Amino acid sequence: MPKTSLPHVPRDKPDVVLKAEMALDQVTSVLERDPRLRVISGVSGIHVERAHSASVVFIRYLRGAGMLRGVDYPVVFISSRLSDIKIDFTRDPVVRGLGLNARAALGALVENPRYPAAGVAHCTSIGVDSDWPWDAIGRELTVMAVLLGMHAIFGRPLARRSSDTAALRAFSREIMAMPREWPDRYQIVLQCPDRVHAKPSDGEAKLKASVFITLGRAHPVIGPGLRYRLYLWRGIQSLAKGAALVEYLNAMEREHAVGAPHIGAWHIPRDRTRLCYTVYIPARLATSTRGIPQKLLETTHCRVRAAEQWLKDYPM
């Protein structure tokens, strides 16, 4: 198993370290019960092998950005790659920025991740109670990211489950139960059982942003579920420059905690006029978690603030 480390471990926070280790143990226990997987435990984390991909799951401490700037936060970090197929086109940032990351689920493809090795990998980071509740959402999201992260991009479409319709109804009920306004967080413009349009709080942010949440057959491979899209109204001068910009944003997401889990990908939408961060949540998570639609919306302003910080530092 590749060697990993715990950068920026806060020496004065033993309780936080213990909680992160317990979270990883829970994920390991769930994955070990799946007969499709080969799980190898190591000192620093676990190595998970499945039919065509392999993942390394371990604890990292990420520097805070945006609302969390100046503080370190523990996350369960997942780095996945194809194990038996060499695909060179994934190394083209335009291919990732315009195509592959537009259909990525529960993470993003990004070049040269430091952990565990160089190359293109699908990366996900989920905070241990630093952004969303671990027991209610985080644990199940982590397991699903291991199972479906690479599969969503390169795998065959999953068979539709008979329980998907009921799961979508559960998401729909959660959507209709969301408060229409949360001061300093968001304001809902349109709220229907299968779609939401909202504006994240401006706060001190100067970026114009919009959020759209839709239910249905959200993804061509993982099937029915919830799709969340955060648009930032920033012009794209050219396809190459836009691809470089979203690659930079995905790299910054990989290295920082923002107050919301990194379970989506920055990419260039079809109209090529804006930046978009898209999250796909499979329907099956509606019955094993609580509050994903609400959490996606209420922590949007955290990602907007972090993106504004990163874009300010981006060389034009």
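Rules of the game
- Residues numbered from 1 in each chain as written.
- Predicted model: local features only at pLDDT ≥ 70, side-chain atom pairs only at ≥ 80, totals over all residues.
- Heavy atoms only, no water.
- Helix = DSSP H or I, 4+ residues; strand = E, 2+ residues; numbered from the N terminus.
- Buried < 20%, exposed > 50% of the residue type's maximum accessible area, 1.4 Å probe, protein only.
- Contact = heavy atoms within 4.5 Å.
- Areas by Shrake-Rupley, 256 points an atom, 1.4 Å probe, with all protein chains shown as cover.
- Pairing = 2+ DSSP bridges.
- Axes fitted to C-alpha atoms, helices over the stretch in contact; angles between N-to-C directions.
- Core = buried A, V, L, I, M, F, W, Y, C linked by side-chain atoms within 4.5 Å.
- Salt bridge = Lys/Arg side-chain N within 4 Å of Asp/Glu carboxyl O.
- 1 Å grid on protein atoms, 1.4 Å probe; cavity = no way out; pocket = protein on both sides within 12 Å on 5 of 7 lines; lining within 4 Å.
- Points joined across faces, edges and corners; volume = space filled by probe spheres on them.
- Nonpolar A, V, L, I, M, F, W, Y, C, P; charged D, E, K, R; others polar.
- Expected span 1.5 Å × (residues − 1).
- Phe/Tyr/Trp six-rings, centres within 6.5 Å; stacked < 30°, edge-to-face > 60°.
- Lys NZ or Arg CZ within 6 Å of the ring centre and 35° of its normal.

Engineer: Please set out the overall build of the chain residue by residue, giving values where relevant.
Structural biologist: Tallying secondary structure elements over the chain gives eight helices and 14 strands in all. Relative to its 316 residues, the chain shows a buried fraction of 57%. Look at the contacts in the chain between residues 6 or more apart in sequence, and 65% of them connect residues 24 or more apart. For the chain, the accessible area works out to roughly 13,800 Å², and carbon and sulfur atoms hold 52% of it.

Engineer: Lay out the environment of I153 in plain terms, naming residues and giving numbers.
Structural biologist: Its place among the elements puts I153 in helix α4 (residues 151–154). If we skip the residues at most four places from it in the chain, I153 touches L100, R103, A104, L109 and H122.

Engineer: Give me the sheet that holds strand β10 (residues 209–219): which residues, what numbers.
Structural biologist: Pairing between the strands of a sheet comes from backbone hydrogen bonds, and it takes one of two forms, parallel or antiparallel. Taken in spatial order, the seven strands of this open sheet run β7-β8-β9-β10-β11-β14-β13, and their pairing is antiparallel. If you trace the sheet from one side to the other, it starts and ends with β7 (181–182) and β13 (265–267), each paired once. As judged from the three bridges shared by β13 and strand β14 (residues 275–282), these two strands associate in the antiparallel manner. Looking at the pairing, A265 lines up with T278 of β14. Helix α6 (residues 239–255) rests against β13 and β14 of the sheet, and its axis sits at about 165° to β13. Sheet strands touched by helix α8 (residues 300–313): β9 (195–200), β10, β11 (223–232), β13 and β14. Its angle to β11, the strand with the most contacts, is close to 45°.

Engineer: Quick rundown of the nonpolar core? Include the residues and the values.
Structural biologist: Among the nonpolar cores identified, the biggest contains 81 residues, and L141, Y228, L230, L232, W266, L275 and I281 are the most heavily contacted of them. Sort the elements by how many residues they give to this core and helix α3 (residues 134–148) lands first, with ten residues. When sequence neighbours within four positions are dropped, the list of residues in contact with L141 reads L106, I126, W132, I263, I281 and L285. If you look at the next biggest cluster of nonpolar residues, it comprises twelve residues, including L62, L68, A121 and C123.

Engineer: So what's going on with the pattern of salt bridges? Which residues, and what values?
Structural biologist: Enumeration according to the criterion identifies 15 salt bridges in this entry. The salt bridge partner of R96 is E247, with a shortest N-O separation of 2.9 Å. With a gap of 151 residues between them, R96 in helix α2 (residues 93–98) and E247 in helix α6 connect regions that are remote in the sequence. Note on accessibility: R96 and E247 belong to one class, buried. Each of the salt bridges in this network shares a partner with another, and the network as a whole consists of R60, R254 and E255.

Engineer: Tell me about empty space enclosed by the protein, and name the residues and values.
Structural biologist: Counted according to the given criterion, the structure contains two cavities of 30 Å³ or more. Quantified by volume, the largest cavity comes out at close to 50 Å³. Together, V75, S125, D131, E253, H256, A257, V258, G259, A260, P261, H262 and R303 line the largest cavity. Residue composition of the lining of the largest cavity, grouped by class: five nonpolar, four polar and three charged. The space that makes up the second largest cavity amounts to roughly 40 Å³. Along its surface, the second largest cavity is lined by W132, Y228, A260, P261, I263, V279, L296, T299, T300 and R303. Among the residues forming the lining of the second largest cavity, the class breakdown is seven nonpolar, two polar and one charged.

Engineer: How would you sum up the environment of R217? Please name residues and give values.
Structural biologist: Within the secondary structure layout, R217 lies in strand β10. Taking the relative accessible area as the measure of exposure, R217 reaches 53% and is therefore exposed. Distance from R217 to R227, taken between C-alpha atoms, is 9.0 Å for residues ten residues apart in sequence. With residues up to four places along the chain from it excluded, the contact list for R217 reads G223 and P224.

Engineer: Quick one: what's the story with α6, residue by residue and with numbers?
Structural biologist: Between its terminal C-alpha atoms α6 stretches 25 Å, which fits the 24 Å expected from 17 residues at 1.5 Å a residue. Counted residue by residue, α6 has 13 buried out of 17 residues, so it is predominantly covered.

Engineer: Describe the packing of aromatic side chains, listing the residues and the values that go with them.
Structural biologist: Under the defined criterion, the tally for this structure stands at five aromatic pairs. Taking the centre distance of 5.9 Å and the plane angle of 75° together, the rings of F212 and Y231 count as edge-to-face. Residue F212 is located in strand β10, and its partner Y231 is located in strand β11; the two are separated by 19 residues in the primary sequence. Accessibility expressed as a relative area gives 8% for Y231, which makes it buried. With a centroid separation of 4.7 Å and 45° between ring planes, the pair formed by Y248 and Y314 is classed as tilted. Of this pair, Y248 sits in helix α6 while Y314 sits in the segment after α8, placing them 66 residues apart in sequence. Overall, the relative accessible area of 17% leaves Y314 in the buried class. Above the ring of W182, the side-chain terminus of R185 is found at 4.9 Å from the ring centroid. Over the aromatic face of Y277 sits the side chain of R303, whose NZ or CZ is 4.1 Å from the ring centroid.

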